[in-house]
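Chain by chain, the residues:
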Amino acid sequence: MQTIVRRILAMIPTLLGVIVSIFVITRVLPGDPARTLAGENAADSVVEKLRVQMGLDKSVWQQFVDYFTGLFRGDLGFAWHTGRPVAEDFATRFPATVELALMALAIGIIVGIPLGILGATQRDRIADHATRIISLLGASMPLFWLGLLVISVFYGTLGWEPAPVGRIDDAINPPTHITGLYLIDSALTGDMIAFKSAFSHLIWPAMVLSVGALAIISRMTRSAMLEVLGQDYIRTAQAKGMSQTRVIGGHALKNASPSIVTVVGLELGQLLGGAVITETIFNWPGIGGYVVESIEATDYAPVQAMTLLAAVIFLVVNLIVDLSQGIFDPKVRNA
């Protein structure tokens, strides 16, 4: 418990640094939010009135104090381009981003870990070379290019993919809101029509988003497995006649798990905070697309809130990953 409390307290200076940094960065960016909101042809008096309403007539220090004290009250600010509080917009859009990121991570785990194990057990053979090429392509392939390619081929040419708009077909009612995740909500309510439509809309952007995570998870799994497979206890288990499946699954993979769990956790934070490109290409109604709209409108509050949220997600995921190491490593558990 002391370790958990110490780690949580250690997160505070990092969060303070993030808050100061994102406030300064948004204020030095070019553009006038009031002018952008009012329009280029608006009268100066209208722009000035908007600037007062947005609090931009105050000094930078006063704006920072207002922003900082607002965070303690749970106030993330007001999104002028949508006309709603940022917290309300986040509550509407965040489940879509979570669902997309979790599906992408699931694909990365389901495909990446077996690929890494195959590469390690077939070292320097054709299968190993193939897995390394797949990892290299996944790590180096630009997401925007891959997303456009998928839409062009599977929607434009083959017609396998639904129109890259929204989370469900327009003709189908969204499932009853329980968690905000359409797949889970439709499964819980037994609405298989909504489930099928939501899955067909989700799977393509999730596959595109998962490419980078798949590559990293595969490479880390291969590296960790190679290190474990060279240990004496693995050779002892093989010498005793233990089956290869049991050696790999029962001994090697278990001891390689800390490294794999670490990279999986980091990838979850990366996917939640970095789905901007994929959501924009597929017109996915998540936080990423919302932030892009906010940047185009020079709207400070949503950008600050998203950056802060991404930082909190990274810190919490890192904390969970560190604490989970004790499950796999007795030395960490007893430290």
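Since we're looking at a predicted model, the values are computed, not measured.

1. Some points on the confidence of the model for the protein
On average, residues of the protein score 85 in pLDDT, and 96% of them are at 70 or above. Helix H8 (residues 182–189) holds the highest mean pLDDT among the elements of the protein, 92, whereas helix H15 (residues 330–333) holds the lowest, 60.

2. Things to note about a nonpolar patch on the surface
The grouping of Phe144, Trp145, Leu148, Leu149 and Ile277 at the surface amounts to a nonpolar patch, some 500 Å² of accessible area in total. For the nonpolar patch, the element with the most residues is helix H7 (residues 143–157), which contributes 4 residues. Residue placement: tryptophan 145 occurs in helix H7.

3. Digging into the pattern of salt bridges
In this structure the tally under the stated criterion is 9 salt bridges. A salt bridge links arginine 167 to glutamate 99, with the shortest nitrogen-to-oxygen separation between them at 2.6 Å. Residue arginine 167 is located in the loop between H7 and H8, and its partner glutamate 99 is located in helix H5 (residues 86–121); the two are separated by 68 residues in the primary sequence. Relative accessible area serves as the criterion here: at 9%, arginine 167 is assigned to the buried category. Glutamate 99 gets classed as buried once you look at its relative accessible area, which sits at 6%. Between aspartate 232 and arginine 235 there is a salt bridge; the shortest N-O distance is 2.5 Å. Placement of both aspartate 232 and arginine 235 in helix H10 (residues 232–239) is noted, with a separation of 3 residues, approximately one turn of the helix. A relative accessible area of 53% means that aspartate 232 is categorised as exposed. Each of the salt bridges in this network shares a partner with another, and the network as a whole consists of Asp128, Arg132 and Arg222.

4. Focus: the nonpolar core
Core analysis: the biggest nonpolar cluster contains 52 residues, and Leu100, Met103, Met225, Leu271 and Phe282 have the highest contact counts within it. Counting residues per element, the ones that place at least two in this core are H5, H7, H8, helix H9 (192–229), H10, helix H11 (244–273) and helix H14 (300–328).

5. Topic: unusual backbone geometry
Although it is not a glycine, aspartate 124 sits at a positive phi angle of roughly 65°. Mapped onto the secondary structure, aspartate 124 falls in the loop between H5 and helix H6 (126–140). Phi angles above zero are rare outside glycine, and asparagine 283 is one such case at about 50°. Along the chain, asparagine 283 turns up in the loop between helix H12 (276–281) and helix H13 (287–296). Asparagine 283 sits in the partly exposed class, given a relative accessible area of 45%.

Rules used in this analysis
Residues numbered from 1 in each chain as written. Predicted model: local features only at pLDDT ≥ 70, side-chain atom pairs only at ≥ 80, totals over all residues. Heavy atoms only, no water. pLDDT = per-residue confidence, 0-100. Helix = DSSP H or I, 4+ residues; strand = E, 2+ residues; numbered from the N terminus. Patch = residues over 30% accessible without salt bridge, like charges linked within 9 Å, V, L, I, M, F, W, Y side chains within 5 Å. Areas by Shrake-Rupley, 256 points an atom, 1.4 Å probe, with all protein chains shown as cover. Salt bridge = Lys/Arg side-chain N within 4 Å of Asp/Glu carboxyl O. Buried < 20%, exposed > 50% of the residue type's maximum accessible area, 1.4 Å probe, protein only. Core = buried A, V, L, I, M, F, W, Y, C linked by side-chain atoms within 4.5 Å.

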